[in-house]
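Below, each chain spelled out in residue letters.
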Amino acid sequence: MAAAGGAGPEKQVAPALLSFFIYNPRLGPREGEEEKKILFYHPNEVEKNEKIRNVGLCEAIVQFTRTFSPSKPAKSLHTQKNRQFFNEPEENFWMVMVVRNPIIEKYHKDGKPIIEYQEEELLDKVYSSILQQCYSMYKLFNGTFLKAIENGGIRVLKERLEKFFHRYLQTLHLQSCDLLDVFCGISFFPLDKMTYLKIQSFINKMEESLNIVKYTAFLYNDQLIWSGLEQDDMRILYKYLTTSLFPRHTEPELTGRDSPIRAEMPGNLQHYGRFLNGPLNLNDPEAKCRFPKIFVNTNDTYEELHLIVYKAMSAAVCFMIDASMQPTLDFCRKLDSIVGPQLTVLASDICEQYNINKRISGSEKEPQFKFIYFNHMNLAEKSTIHMRKTASVSLTSVHPDLMKILGDINSDFTRVDEDEEIIVKAMSDYWVVGKKSDQRELYVILNQKNANLIEVNEEVKKLCATQFNNIFFLD
Amino acid sequence: MATGEPDSPAQEGMALSQEEDRLCPADTGGDKLSTGLEELPAPQSNGPMRSVDGQEEPSDKDLSDSASTDTALEDSSEFGRPLMVGACETGAAAVPPTRRDEDVTAASWRARRKHIFVLSEAGKPIYSRYGNEEALSSTMGVMMALVSFIQSGDNAIRSIYSDDRKLVFVQQGPLVLVSVSRTLQSEQQLRQELLYVYYQILSMLTQVSITRIFERKKNYDLRRLLAGSEKILDRLINLVESDPSFLLGAVRCLPLPASLREALGALLQKAITPNLVFSILVARSQLVTAVQERAVIEECRLEPTDLHLLLNLIGASSAFQAGEIWTPICLPRFNPDGYFYAYISYLDAECTVCLVLLSTDKESFYAVSDCKKRVEEAMRTQGSLQALSGGLQSPSYGVGQVGVPDLRHFLYKPLDIPENYRQLPQFTSPELEGPYCSEEEQHRLFDLYHYLHSRIHSTSRPLRLIYHVAEKETLLAWVTSKFELYTCFSPLVTKAGAINVLTKLLRWIKREEDRLFIRYPPKYSTTPNPGKGTKGGRPDNAENGFFAGL
Amino acid sequence: MSRGGCYLALCARPVHFEKANSVNCVFFDEANKQVFAVRSGGATGVVVKGLEDKNPISFRMEDKGEVKCIKFSLGNKILAVQRTSKSVDFLNFIPDSPQIEYTQECKTKNANILGFCWTSPTEIVFLTDQGIEFYQVLPEKRTLKLLKNQNINVNWYMYCPESSVILLSTTVLGNVLQPFYFKGGTMSKLSKFEIELPAAPKSSKLSLSERDIAMATIYGQLYVLYLRHHSRTSNSTGAEVVLYHLPREGSCKKMHILKLNRTGKFALNVVDNLVVVHHQDTETSVLFDIKLKGEFDGTVTLHQLVLPAQSIQPYQIPVAGPASVTNQSPVPCKLYSSSWIVFQPDIIISASEGYLWNLEVKLEPVVDLLPDKGKLMDFLLQRKECKMVILSVCSQMLSEPHRGTLAVIATVFDKLNQEYKKHLEAEQSYTMAVEAGQSRGNPPLKRPVRTQAVIDQSDMYTHVLSVFTEKKEAPHKFTIAVLMEYIRSLNQVQIAVQHYLYELVIKTLVQHNLFYMLHQFLQYHVLSDSKPLACLLLSLESIYPPAHQLSLDMLKRLSTANDEIVEVLLSKHQVLAALRFIRGIGGHDSVSARKFLDAAKQADDDMVFYTIFRFFEQRNQRLRGNPNFTPGEHCEEHVTFFKQIFGEHTLMKPATF
């Protein structure tokens, strides 16, 4: 793409969020009332008529595409400079995200800059997913648009949108989005049956003794082990926990491995347990027990819950209690006294087991390949491509172009629901393999540049044998 | 207009004379022609144009019957009318006549695999593949609105994606082309298709004239000039979807013994006359051989696109099947603003073998016609015509001849032909057979080829190789410095098996390449000395870039 | 189940005999558990009643003076009667052998016979104040042969038939006990030991009475029980029972102390390995179980009573004679009466009323008396008749009103499964030993007996869990928690869980649409793989599509279910997938072409059919050098079908080389 003639240094400018708005055509149907349609608009500084115009365009596009497929209107609009993504999460509520294409700035010999828009760089699926996640995340903490209007009218909805997205939009890392954002999967912690059953029985006992707890989720090392929530709610909650809440609470001395020996536990407290939200100091009688509210099962029972996140070493438990119950300081103390010690013990058990398993499988050495695995059935995700993914950045260990090839393969897979396999050799001579079996997808990047098709196939077979021999993967 | 008129395909002698009778009882066809053709390629040339300029904004009426360039334009299309008329008949056979007046609100219309729309900047409908343009004028209006709205933001609309469709926009001068497709084709491929449509329009009208018309009258209804030519566009679009030569930008050669091909090439080489630039022999729209004017080759080679458009033009008309045709035609990739003069004539009764001679000299009909006689003569004496049509009886070849069971079909485009750079790009592929006899299966297969092509030639992320185990077949695309190959295997083929098939296939092609491809393109020189050449080319000189270099 | 009530009871069918009086002397033989009623020295008849035998033996013998002791040999072949302190008379009870008595005097001069014991059908031991004499009786010769004798001063003796050990009290104080062991004509002397007396005795007179000593086998071990009226440790008054373990070889060791926390008159019984101590003053009894945890002081373990003291269940004496004649209401029997005589292990005799009972321990009442379910299980698991009680305890703790907490439930399950595991291990090592044994002709070892304490998965399933989940009265959260707890417990002791338990879990989850939970369980292989489970999952596909994937995974892991996998795929018209799979495991040359062609045809997709058809044409070519199908493959209809769609010419031509 780097066109010839461009002399001097090239400057890559990453894609960026141009604007983000939410509107409902039903709210301002008559001429001159168009502004009423707009529920949220970022950046807010934009001049009113400009806003109206842009909303108008989106309406027009959607309307126009309906002439060809009434039920499947536009999902995205490609222009030279940017892409617009449309999403209608609730009837007549439209969310639009406008992303500027990446730019290459070059300087002509005569020193005048040439701006070149890279139109093929953004993957629709990735950014559409990001847009959908925006809604899911909003809904998790605020409930549906409709409910907001029913309960408090448009004003309340606007306030909530403003309050939420004002902060959330800054956390979108549009420059480093990739296939994993499409999956938005859940990484499960590998664990032996026995330890898992111990955790089960721990959770059951906790729910019994803290009887106002409605749901529980259990994580270790930021990986899920148990979720009492339904899959889709867990998916977005998991994203919140792992990309927002946990990163804010990693204290240096305890990050990484727990020590299986529990000897050096400080004398005064009997455990390592602590609240990640809610009261800071249980001994302070004034301590506030305010926990964030979340909304789950919004399309049937529509439950409103308090989210209590409690952590001991690398083990974190989410207790969700009905919002009608206000958790008191006493409750928190009780929770701390019951959960804290047991969780501490459990955490080190898990760590012990985990280390044993690691030693057995000896999965320490860096393999010849990188891979992403995703299972649509349980949203299980496994990736050796991202070192770590935080709200701010996701450090990928492979070249972005390869990641985009993965994206291409993924969208090829979504065309048909039959099992498929795609092996490609990139210009960089990397091999990229995509396998789709039932609801599972596996992507492998091999850097044996001078391997041939058959050798590559063998490599992947080996990988499947070691990593996935317990599941049915068609060859 | 033209479509309304009755027409009897020429019985004997020259179609040209007939043209005269029909077109202009008063004038001589020659003059009529000249007025038209002179004006056309030379917009800056003065005379009648002035008079037009002099007028205060011309009405449709003026445009039609004043002796303006536009009149000339219409005449020039008149000139080609028999092929339009002919197209009507063949077209009628090919496609349901109801298609044009299809109900654009019906689900069946929406469900079409691919829509193609052409409109003017004023949002005036010019062409729609399905449904009549009038009924679609509002839709096209919206399209134009979108285009200009985004333009107003100093930006350009490219496409709109919905879950099951791609809408692709292309703007070329005063024309906007839109494709609404459910196929697997990539945005780029759809854009390419739209360009083919655009070029086909140019091949009939040329760029300058179109530009000029809309400069003069923003909301001019271009359909008046294209009347009847919808059939050509329809046919083109169908071809583009089903004929890999468009996808690969290459021509399919008729498999022939090298000796026979060379003999025929030699024939064409001899049968020349001044200002003859291309001699092309095709059979069943497969290239037998093509000879180019040396000087032309110095400059640039004949673009496959132009050849495809030309063949499509010919194929669309049965009128050509009788006698000789002398018609102006623009090769847009070669030069979007100038006309060539194409001599077209079938050499056999079955109208399978067709000779096309391109000249830059509008007056050289008789000379060129004479060349054809010489070719015919020589072929008769050599009996090469029988040899040719003999080879044509049987379908070119089946994949079975390669002799590997798991192989179902392939496209092979060599990149290592001698003097490749100055040759027409070529490709070969076997007949579709076995599971791919039905039309929808063929559509499916070509969709897959399109998909492979788009991935491997992706502008942003090109690939060297794709191996795809798909639902109903296993596909492999492979681009090297020597060739470009697309193969379709049984879905049960193993990777080792596929590799094995591949090596056998490549070996087979190497063995057959002399039969399958034109190895050494013959040339001739019709411009002994530049001076003469330039004079000979004078009328077109101003436009036809290829002599400028001399 | 009967709640309340007493945990001790006299057996319902006692042995009734003529009560002792001036003319009728009553003897009890501990070896044969027989009561002898000797009327006027036997002249007017002797009636012998045993616990087992229904019809009593009765005979006469001429009165040769007062009978001191009378006992049948084991098997009732020879009767021994002691009338004087010098000799014992014998009388054969072998059919048609002369009914003439013969006599044996004790060897040691001027020693007095304290008594005698039969140690086998023909071996008898005389116990004299000066020693012990071991004889063999030769009934046909009507003589005895001295096998062995030993001289020691004997204060008193005690015989424990179960272990055929005789204990002699020696020395002045009498607290040095000398055990002898008899087996197959040999008499072996075990190491003697000393009983610690409460306090250093003031005078040197006999201070250990035989009334305070008992011998009994508890949990398969022989113990000497010593009732010490005053604790040696000053701090706690009140009597205690000291248990000395008397091993076959090695020295006797003091091991347990049972704290009675009371004083007065006591009597001991051992029932179902429990030590029962009767207290006459309070007319109550207490239980001890030496298997239960007590406080260990380094040498001995101190035990407190397991249950609150209770008196034996009131007992009605059935009215003598046919009730029809005299219809008077049955008389309540006086419990703990001074006329009671207690014999080991579990015998209580009331000579005055002429009854012999077995003492029994009832388990149902215990359930409510032991609130600590863990302790309760420890107690129950040691009892003979425990199974149904334990199961009922389990059901009880799962349902209102007495629903236990998960923690309690967990401990109960764990205790049950430890016992269960022990049994499995025994079984296993037995079978292994057998296999090893067969190789070299070892003597056949005996299969471990399965006690009632072994409560396996099917017991739990049928009596407790299935009922519990059926009832659906408990919140499903609890139901699932319980099932998982049980599965956890089984896993903890590495017992392979049976699939019907998993099915229970799955059913419950499905009933409440908790599919995501189910999915997570399967994901972590908590519900381990089995074909039945895989099939169950398949059946769920309609309500929960992912079940299909899950079951396929399971079949794959089983690695013995390849045929099933193919069937599943074919049933879903995934013909190509099926064929690829078969090929993957190298079975594609043997599979039936017809089967796949049928499936392909049902798939109703010409492309698929073409592919499959070609595949087999090529297989034919490869295997037989000809693409055509053999009649044996029955593919004619498919060939015609193929022709009619793709045309005859599309058929594969035989490759020519």
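Numbering of residues starts from 1 in each chain and follows the order in which that chain's sequence is written. Ligands are numbered from 1 and chains lettered from A, in the order in which they are written. Since the coordinates come from a predicted model, pLDDT governs what is reported: local features require at least 70, and pairs of side-chain atoms require 80 or more to be given and counted, while whole-chain, interface and lining totals use all residues. Note that water and hydrogens are dropped before the side-chain values are worked out from all heavy atoms of the structure.

A. A look at the interface of chain A and chain B. Between chain A and chain B, the residue contacts involve 50 residues of the former and 47 residues of the latter. Defined in terms of a 1.4 Å probe, buried area is the accessible area two parts forfeit on being brought together, summed over both. Between chain A and chain B the total buried area reaches about 4,400 Å² when both faces are included, carbon and sulfur atoms providing 60% of it. Of all residues in chain A, the largest losses of buried area upon contact with chain B belong to Phe64, Phe68 and Met427 of chain A, amounting jointly to 17% of the total for that side. Note on definitions: salt bridges are taken to be side-chain nitrogens of Lys or Arg within 4 Å of carboxyl oxygens of Asp or Glu. Across the chain A-chain B interface, the total number found is eight salt bridges. Notably, a salt bridge pairs Arg455 of chain B with Asp408 of chain A, separated by 3.9 Å at the nearest N-O pair. Looking at the side of chain A that touches chain B element by element, the count peaks at seven residues for strand 19 (residues 420–426) of chain A. Counted by class, the side of chain A that touches chain B contains 21 nonpolar, 10 polar and 19 charged residues. Should any heavy atoms of two residues lie within 4.5 Å, those residues are considered in contact. Comment: elements are numbered from the N terminus, with helices defined as DSSP H or I runs of at least four residues and strands as E runs of at least two. Throughout, the ten residues Ala, Val, Leu, Ile, Met, Phe, Trp, Tyr, Cys and Pro are labelled nonpolar, Asp, Glu, Lys and Arg are labelled charged, and all others, Gly among them, are labelled polar.

B. Just the packing of aromatic side chains, in detail. Residues and elements named next belong to chain A. Classification of ring pairs rests on two measures: the distance between centres of Phe, Tyr or Trp rings, Trp counted by its six-membered ring, which must be within 6.5 Å, and the angle between planes, read as stacked under 30 degrees, edge-to-face over 60 and tilted in between. Enumeration over the complete set of coordinates arrives at 74 aromatic pairs over all chains. When the ring of Phe93 is compared with that of Phe145, the centres are 5.2 Å apart and the planes differ by 45 degrees; the resulting orientation is tilted. Within this pair, whereas Phe93 is found in strand 6 (residues 93–100), its partner Phe145 is found in helix 4 (residues 145–171), the two being separated by 52 residues in sequence. By the burial criterion, Phe93 is buried, and Phe145 matches it. Note on Phe413 and Tyr443: the rings are 6.0 Å apart at their centroids and 40 degrees apart in plane angle, and the pair reads as tilted. Placement of the pair is Phe413 in helix 9 (residues 400–413) and Tyr443 in strand 21 (residues 440–446), with a sequence separation of 30 residues. Each residue gets one of three labels from its accessible area relative to the maximum for its type: buried under 20%, exposed over 50%, partly exposed in between, using a 1.4 Å probe on protein chains only. We classify Phe413 as buried; its relative accessible area is 0%. On the basis of relative accessibility, which here comes to 0%, the residue Tyr443 falls in the buried class. Grouped by ring-pair contacts, the aromatic residues Phe20, Phe40, Phe93, Tyr135, Tyr138, Phe145, Phe164, Phe165 and Tyr168 constitute a single cluster.

C. Looking closely at the side chain of Ser490 of chain B. Tracing the chain through its elements places Ser490 of chain B in the loop between strand 16 (483–489) and helix 20 (495–516). Beyond its immediate stretch of four places on either side in the chain, Ser490 of chain B contacts Asp406, Arg408 and Thr474 of chain B together with Thr611 of chain C.

D. Representation of the sheet that holds strand 10 (residues 102–105) of chain C. All names here are of chain C. Strands qualify as paired when DSSP identifies two bridges or more between them. Within the open sheet, the four strands sit side by side as 7-8-9-10. Their pairing is antiparallel. Only two strands of the sheet have a single partner each, and these edge strands are strand 7 (69–72) and strand 10. Each strand of the sheet is rotated relative to its neighbour by a mean of 20 degrees, with strand direction disregarded. As judged from the five bridges shared by strand 8 (residues 78–82) and strand 9 (residues 87–92), these two strands associate in the antiparallel manner. For Leu79, the partnering residue across the bridge sits in strand 9 and is Leu91. Fitted lines through C-alpha atoms serve as axes, helices being fitted only where they are in contact, and the angles separating the N-to-C directions of these axes extend from 0 to 180 degrees.

E. View of the pattern of salt bridges. Residues and elements named next belong to chain A. One pass over the full model with this rule turns up 89 salt bridges over all chains. Here Glu33 and Arg30 are joined by a salt bridge, their closest N and O atoms 2.7 Å apart. The partner of Lys48 in a salt bridge is Glu35, and the shortest N-O contact between them spans 3.7 Å. Of this pair, Lys48 sits in helix 2 (residues 48–66) while Glu35 sits in helix 1 (residues 34–37), and the two are 13 residues apart along the sequence. The class for Lys48 is partly exposed, based on a relative accessible area of 40%.

F. Summary view of the pairing of strand 21 (residues 221–228) of chain C. Residues and elements named next belong to chain C. Counted residue by residue, strand 21 has seven buried out of eight residues, so it is predominantly covered. As paired strands, strand 20 (residues 213–218) and strand 21 are joined by six bridges and run antiparallel to one another. Paired with Ala216 across the strands is Tyr223, a residue of strand 21. Here strand 20 folds back onto strand 21, and the loop between the two strands holds two residues, one of which, Tyr219, carries a positive phi near 50 degrees. The sheet contact formed by strand 21 and strand 22 (residues 240–245) spans six bridges and is antiparallel. Bridging from a neighbouring strand, Val224 pairs with Tyr244 of strand 22.

G. Focus on the UniProt feature "domain: FUZ/MON1/HPS1 first Longin" (unreviewed entry) in chain B. UniProt positions are given in the numbering used here, feature names are shortened, and annotations may be inferred rather than shown by experiment. UniProt records the feature "domain: FUZ/MON1/HPS1 first Longin" (unreviewed entry) at residues 114–236 of chain B, using the numbering of this structure. In residues 114–236 of chain B, helix accounts for 49% and strand for 26%; the two terminal C-alpha atoms are 13 Å from one another.

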